[in-house]
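# Fold and geometry: a report
Residue strings, one per chain:
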Amino acid sequence: MSFIAINDLVKKLINKSEPKKNNLKNGKIYVKIKRQDDINSKPYYQEFLIPYKEHMNVIMILMYIRENPVDIDGNEVKPVAFEASCLEEVCGSCTMVINGKPRQACSTLIDNLEQPIIIEPLSKFKVIRDLIVDRSKMFEGLKKVRAWVDIDGTYDKGPGPTYSQEIQQIRYSLSRCMTCGACLEVCPQYNDITNFVGPYALAQAYLFNLHPISKNFEKHRLNYLISKEGIANCGNAQLCVQVCPKSIPITDAIAELNNSITKYLLSLLTR
Ligand code: SF4
Ligand code: FES
């Protein structure tokens, strides 16, 4: 079984164990939201009751509150700020912590959640307001591993180099990362003490090392990955693969990178 299939299987098993309870409060959905008015203010919780409809997702709850910003006690409150774009688990912008687990609000169904539904912003980023966080450090991480294919012009340079179906399959599985930040939320090693770049960036480094053109910068990536922000910070907790909504084979990528780093360091010693 390929490692892509194994990751999909793990994800299915996790979803199967999700509680399927719908304990409504007087026929309404009971929601607690962690709020923060701006980047410098203190967080607080607010509770809401939302009329239940079949097949609702968490985004529908937040949209309802935006149109009816009234808390459980009938007080008018500020509408809850949140981000969303694709509404089909592709952009990652709606990622938040729902009942203690990082997930996409657009693909998380109310019927699969225990109540009260507790909605919080991702904790590993600065909160800008309510559920909106500043994930720009993820893009800084992608820059550090040169997560792109260099081109030297916009003109047609003819067909690029070909590579095997097997590599295509691995690259496709890695390319589905949407920089949602879920893997960082659960990674015990991703914190201000370690300065670890994080699992998603390692997976992207491997993705671009496998590309026939971008492979030219493999040495640059490996040099970064042996720095204090790099791969040695990984404690192999493997929580990243459990929460990744796109089943990115992160730990397999880390193992492959470790192999490449060992070979690279040996080559330096024997030069
Ligand atoms: S590796 Fe998975 S969990 Fe991490 S940012 Fe990419 S899609 Fe999200
Ligand atoms: S809105 Fe794009 S992933 Fe949810």
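The sections below set out a description of the structure shown in this document.

The rules behind these values
- Residues numbered from 1 in each chain as written.
- Chains lettered and ligands numbered in written order.
- Predicted model: local features only at pLDDT ≥ 70, side-chain atom pairs only at ≥ 80, totals over all residues.
- Heavy atoms only, no water.
- Pairing = 2+ DSSP bridges.
- Helix = DSSP H or I, 4+ residues; strand = E, 2+ residues; numbered from the N terminus.
- Axes fitted to C-alpha atoms, helices over the stretch in contact; angles between N-to-C directions.
- Contact = heavy atoms within 4.5 Å.
- Buried < 20%, exposed > 50% of the residue type's maximum accessible area, 1.4 Å probe, protein only.
- Polar contact = N/O pair within 3.5 Å; in protein donor to acceptor, adjacent residues only side chain to side chain.
- Parallel < 35°, antiparallel > 145°, perpendicular 65-115°, else oblique.
- Left-handed = near helix turned anticlockwise from the far one by under 90°.
- Core = buried A, V, L, I, M, F, W, Y, C linked by side-chain atoms within 4.5 Å.
- Domains from an automatic or database assignment.
- Arc of directions from axis to C-beta.

### Some points on the sheet that holds strand β4 (residues 101–104)
Spatial strand order, β2-β1-β5-β3-β4: five strands in an open sheet with mixed pairing. What marks the edges here is a single partner per strand, and that holds for β2 (44–51) and β4. Strand-to-strand twist of the sheet, defined as the mean angle between neighbouring strand axes without regard to direction, takes the value 35 degrees. Strand direction decides the pairing type here: strand β3 (residues 95–98) and β4, joined by four bridges, are antiparallel. Looking across to β4, one finds that threonine 95 is bridged to glutamine 104. Contacts from helix α2 (residues 58–67) reach β1 (28–35), β2, β3 and β5 (117–120) within the one sheet, and its direction differs from that of β2 by about 100 degrees.

### Concerning the side chain of histidine 211
Along the chain, the position of histidine 211 falls in the loop between α6 (199–209) and α7 (218–225). Using a relative accessible area of 14% as the deciding quantity, one classes histidine 211 as buried. Separated by 3.0 Å, the side chain of histidine 211 and the backbone nitrogen of isoleucine 213 make a polar contact. Among the polar contacts made by the side chain of histidine 211, one reaches the main-chain amide nitrogen of serine 214 at a distance of 3.3 Å.

### A word on the side chain of serine 93
Within the fold, serine 93 resides in the loop between α2 and β3. Not counting residues within four places of it along the chain, the set of residues in contact with serine 93 comprises Glu83, Ala84, Ser85 and Arg135.

### Considerations on the packing of α6 against helix α9 (residues 250–269)
For the pair α6 and α9, the least separation of the axes is 9 Å and the interaxial angle reads 60 degrees. On the basis of their axis angle, the class for α6 and α9 is oblique. The way α6 lies across α9 gives a crossing that is left-handed. On α9, the residues that touch Pro199, Leu202, Ala203, Ala205, Tyr206 and Asn209 of α6 are Ile250, Ala253, Ile254, Glu256 and Leu257.

### With respect to the nonpolar core
If you look at the biggest cluster of nonpolar residues, it comprises 40 residues, and the most contacted ones within it are Leu174, Leu202, Leu225, Ile250 and Leu257. Counting residues per element, the ones that place at least two in this core are α3 (136–144), α4 (165–175), α5 (182–186), α6, α7, α8 (239–243) and α9. The greatest single-element share of this core, amounting to eight residues, is contributed by α6. For this core, the two domains that each supply at least three residues are domain 1 (18–134) and domain 2 (136–151 + 160–269). When neighbours within four sequence positions are excluded, leucine 202 is seen to be in contact with Phe196, Val197, Leu225, Ile231, Ile254 and Leu257. Core analysis: the next-biggest nonpolar cluster, separate from the first, contains 24 residues, Ile29, Ile50, Ile61 and Ile98 among them.

### Brief notes about α2
Along α2, the residues that are buried comprise Val58, Ile59, Ile61, Leu62 and Ile65. One side of α2 holds all its buried residues, which, seen down the axis, span an arc of 160 degrees. Looking at the packing, one finds that the buried side of α2 touches β1, β2, β3 and β5.

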